[in-house]
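Examination of the molecular architecture
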Amino acid sequence: MDTNDAFQIHLQKLPRQDERAIETIYTLGNGHFGVRASNPLQGKSSHYKGQPGMFVNGFYDLTELSYGENYSYYAQNSQTICQLPDPRYIIFELDGKRSDETPFDVKLVDKNLDMRTGVLLEIFDIKSPTNKQFRLTLQSFASHADKHVFVVKYSVSALNFTGALTVIKQANYIDQPIQNTGDDMRAAQPNMALDRTFIKSKIPTMLISTRKSQLALIVGQQALSDNPMQVAVIDDLPCHSKTFDLTQGLTQSFSFAYAVSYPHPLLQTTLVESEFAETTEKQLANKSFKDLLTASTAKVDQFWQNSDVDLQGDATLAQGIRFNLFHLYQAAGTDGQTSIAAKGLTGPGYEGHYFWDAEMFMLPFFIYTQPEMAKQLLIYRFNKLPQAQQRAREMAVQSGVMFPWRTINGEEASSYFPAGTAQVHINADIAYAVDTYVRVTGDMDFLTNYGYEMIVKTARFWLSYGHWATDSAHAGKFVIDDVTGPDEYTAMVNNNYYTNRMAQNNLSIAVKYSKLLQHNHPEKLVALDVTQDEIDHFDYAADEMYLPFDRTLKIKMQDDVSTSKPVWPIDTTPRNQFPLLLHFHPLTIYHYQVNKQADTVMTDFLFPKDQDAEQLQRDFSYYEAITVHDSSLSRAIFGILAHRLHRASDAYRYFMETVMMDLTNSQGNTADGVHAANMGSTWLSLIYGFAGLGLEKQTFNLSPELPEAWTSLRFRINFHGRNLEITITQSAVSVKLMAGRALKFYVHHQEVEVTKKSLVNVFLKTN
Ligand code: BGC
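All values derive from a computational prediction rather than experimental measurement.

Reading the values: the criteria
Residues numbered from 1 in each chain as written. Predicted model: local features only at pLDDT ≥ 70, side-chain atom pairs only at ≥ 80, totals over all residues. Heavy atoms only, no water. Pairing = 2+ DSSP bridges. Helix = DSSP H or I, 4+ residues; strand = E, 2+ residues; numbered from the N terminus. Near = heavy atom within 4 Å. Polar contact = N/O pair within 3.5 Å; in protein donor to acceptor, adjacent residues only side chain to side chain. Areas by Shrake-Rupley, 256 points an atom, 1.4 Å probe, with all protein chains shown as cover. Nonpolar A, V, L, I, M, F, W, Y, C, P; charged D, E, K, R; others polar. Contact = heavy atoms within 4.5 Å. Phe/Tyr/Trp six-rings, centres within 6.5 Å; stacked < 30°, edge-to-face > 60°. Buried < 20%, exposed > 50% of the residue type's maximum accessible area, 1.4 Å probe, protein only. Axes fitted to C-alpha atoms, helices over the stretch in contact; angles between N-to-C directions. UniProt positions renumbered as here; feature names shortened; annotations may be inferred.

On to the sheet that holds strand β13 (residues 163-169). One open sheet accounts for five strands, arranged β8-β7-β13-β18-β17; its pairing is antiparallel. Two strands in the sheet have a free side with no partner beyond their single neighbour: β8 (97-98) and β17 (230-234). With three bridges connecting them, strand β7 (residues 91-94) and β13 associate as antiparallel partners. Following the sheet pairing, Ile-91 is matched in β13 by Ile-168.

Residues in contact with the ligand, as listed here, are Ala-342, Tyr-350, Phe-355, Trp-356, Asp-357, Trp-405, Glu-488, Lys-596, Gln-597, Ser-631 and Leu-633. Take Tyr-350: an N or O atom from its side chain is 2.9 Å from an oxygen atom of the ligand. At 3.0 Å, a side-chain N or O of Trp-356 approaches an oxygen atom of the ligand. Out of a free accessible area of 310 Å², the ligand has 95% covered by protein chains. Grouping the constituent residues of the shell around the ligand by class yields six nonpolar, two polar and three charged.

Now for the environment of Leu-547. Within the secondary structure, Leu-547 is located in the loop between α12 (532-543) and β23 (549-550). When the C-alpha atoms of Leu-547 and Glu-614 are compared, they prove to be 18 Å apart, with 67 residues separating the residues in sequence. Residue contacts for Leu-547: discarding those within four places in its chain leaves Tyr-497, Asn-500, Arg-501 and Gln-504.

Attention now goes to the packing of aromatic side chains. All told, the structure shown has 46 aromatic pairs when counted by the stated rule. Their ring planes at 70° and their centres at 5.1 Å tell us that Phe-92 and Phe-134 sit as a pair that is edge-to-face. Here Phe-92 is found in strand β7, whereas its partner Phe-134 is found in strand β11 (residues 133-142), with 42 residues between them in sequence. The same class applies to Phe-92 as to Phe-134, namely buried.

In space, the five strands of this open sheet follow the order β20-β27-β28-β29-β32, with antiparallel pairing throughout. Because the sheet does not close on itself, it has two edges, and the strands there are β20 (309-312) and β32 (760-763). Taken over all neighbouring pairs, the strand axes of this sheet differ in orientation by 15° on average, direction set aside. Judged from the six bridges that link them, strand β28 (residues 722-729) and strand β29 (residues 732-739) form a sheet pairing that is antiparallel.

This next bit is on the UniProt feature "domain: Glycoside hydrolase family 65 central catalytic" (unreviewed entry) in the protein. The sites that UniProt annotates as "domain: Glycoside hydrolase family 65 central catalytic" (unreviewed entry) are residues 322-683. For residues 322-683, the helix share is 50%, the strand share is 2%, and the end-to-end C-alpha distance is 10 Å.

Take a look at the structure:
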């Protein structure tokens with residue numbers, strides 16, 4: 001393997017990490033499940049320090065939330081993603097000693113993830129209690145062709161003995177407790193007890209069901225044709241087993257496919273266990289590791305074809321970018337029933353919940369490079385409209401819907417409402433994502449059948465949650481009180497700038513699409529009871545939305561009173577007191593001006609036409625000084641704005657910190673899972689930042705400016721059915737039409753046209 005290739009993540013090249021962070025970094029997934037790259041002998045043994053397991057997207061259980069003071073309509077249940085059996089788990093028996101009973105000594109020698117194929121290669125040196133040593137090599141991948149399949153090939157070679165080694169491969173343990181690192185509320189919750197039933201069939205098969213959410217899935221294990229293995233019953237459990245005669249210098253290999261039922265368990269279809277086992281057996285029995293790999297690699301290839309970003313000039317960054325994009329691909333649900341959790345499928349952190357992270361930080365990458373995946377992610381929200389409608393009524397909001405702040409099943413799962421439920425901006429975030437999808441893809445069917453309803457129902461929420469002010473400070477304006485913006489270090493305020501600006505956008509796009517569909521699909525408006533009166537009301541509230549502004553400081557105010565509070569003494573707070581949320585009562589933090597993450601400046605980023613360069617400069621400087629970036633969602637936004645302000649070294653610094661966040665474990669909690677939103681914002685920084693891509697009129701504009709160290713940046717985007725390859729160097733931008741009809745767009749706001757025959761080549765002014 002060429003570990004210099006920017007598609008390889010080689011352990012030796014990473015900074016030293018704790019074992020659980022490494023497991024996260026090397027997690028393999030395919031949107032349906034993710035498997036942590038743990039010591040494959042760990043099982044239930046607490047002797048080892050890892051956190052093995054598999055997470056299936058959307059497979060969760062419920063626990064009743066207990067509150068000392070349980071007010072009406074607090075979220076009733078927590079939803080926690082389940083930790084499932086590790087398909088890599090294996091037992092060895094040597095000289096009568098079994099590795100699950102007497103721990104063997106396992107030393108990790110090396111790991112390399114080849115992102116071109118999705119194959120993880122790992123080498124472990126293992127010593128039995130009788131001092132026999134053998135090397136175990138694992139090659140594994142999560143199939144992207146067959147969403148329900150995980151494949152692993154084991155190779156063993158004796159290092160200091162000749163003799164028998166027995167392999168026992170069961171699929172049954174799920175009792176490894178989730179390790180919670182102290183009091184960190186962002187980390188995992190204890191894992192949920194699950195019921196397991198073994199199913200009589202030709203292959204070891206097990207039905208796993210949750211106790212309260214009443215979900216079930218089936219897992220089954222099939223030995224592949226490379227080196228078939230008999231099914232046996234050991235410890236009363238069905239398994240595969242074989243004894244190998246090891247000779248020094250000779251490697252023995254055997255491989256398995258591990259199937260996880262699909263379509264998704266959330267569909268709650270009646271699972272026919274015997275059918276599953278039979279189909280799995282039939283489908284996989286004659287397959288080899290190579291067969292399955294070829295099919296999966298073809299899909300991974302297709303992903304890179306459209307989604308790769310090739311950066312020349314900094315090999316470490318180039319690799320970091322690909323790592324982030326690959327993880328996004330591994331995390332995204334593709335069935336319209338699931339989305340992307342804050343930690344992807346790499347760990348138990350944040351309980352496997354979906355937040356605004358998916359729509360605001362990750363979706364743009366999919367919208368521009370994998371529109372079909374983006375559509376499924378939006379359909380997930382569409383499918384949750386009934387729950388969002390019920391939630392709105394519970395919250396005394398008489399019309400429209402209210403999406404939950406954190407969730408898996410569509411219901412609110414946040415037990416701390418000031419930094420949870422109160423983040424009503426989630427509604428407008430979803431609407432913003434729908435609009436971006438429609439503008440970039442031109443997918444009118446989606447708009448008509450799904451998107452419009454989401455936009456109208458979220459817009460209705462604002463009319464009901466907000467109100468027309470009567471006090472003198474806001475007179476005549478539409479105001480929205482008692483909300484929390486993205487900055488979770490400020491809660492329950494009136495007129496959070498971000499929320500109001502996003503709500504205004506939500507209302508405006510409701511007007512825009514109502515007018516469009518009035519012509520094309522009037523029946524849609526009738527079906528949703530949208531009247532001209534309501535459209536006018538949306539329009540008026542959008543026009544008169546109150547946006548707080550500090551006239552003395554000449555900055556956008558985060559909320560009605562934000563600038564009057566004292567500023568938190570950031571410079572004199574000891575480093576070990578960060579993140580503040582782990583060291584101070586929320587109320588202490590709320591007393592001050594201190595931002596956990598980009599809040600008001602998010603609007604400078606999302607609505608670039610709202611302000612001129614001076615206004616942006618003032619907002620940026622003010623908020624940068626009071627932001628501590630305790631959230632991983634923060635730095636990229638500041639980096640993009642620094643770029644727009646031509647503060648090249650700041651832009652580059654922020655970018656470096658975001659690209660390498662998980663590979664260097666810079667937030668200190670990669671063990672609980674990757675920071676998926678931050679990974680998405682790597683793409684935002686590159687494409688919205690350095691390439692300067694933005695929607696303009698009916699098309700897009702590119703205003704690129706590369707950091708000095710880079711020689712070129714090449715990426716693809718899809719726009720209204722066209723596939724374009726964009727290459728930016730220090731001196732030129734060239735755009736090639738790979739598929740589709742001719743297209744007009746802008747470079748530095750000058751119109752150009754790319755056709756099949758002629759590519760666009762625009763020379764950039766150099767300083
Ligand atoms: C951030 C939220 C984010 C959540 C999940 C929190 O720390 O403040 O904005 O949605 O993490 O990533």
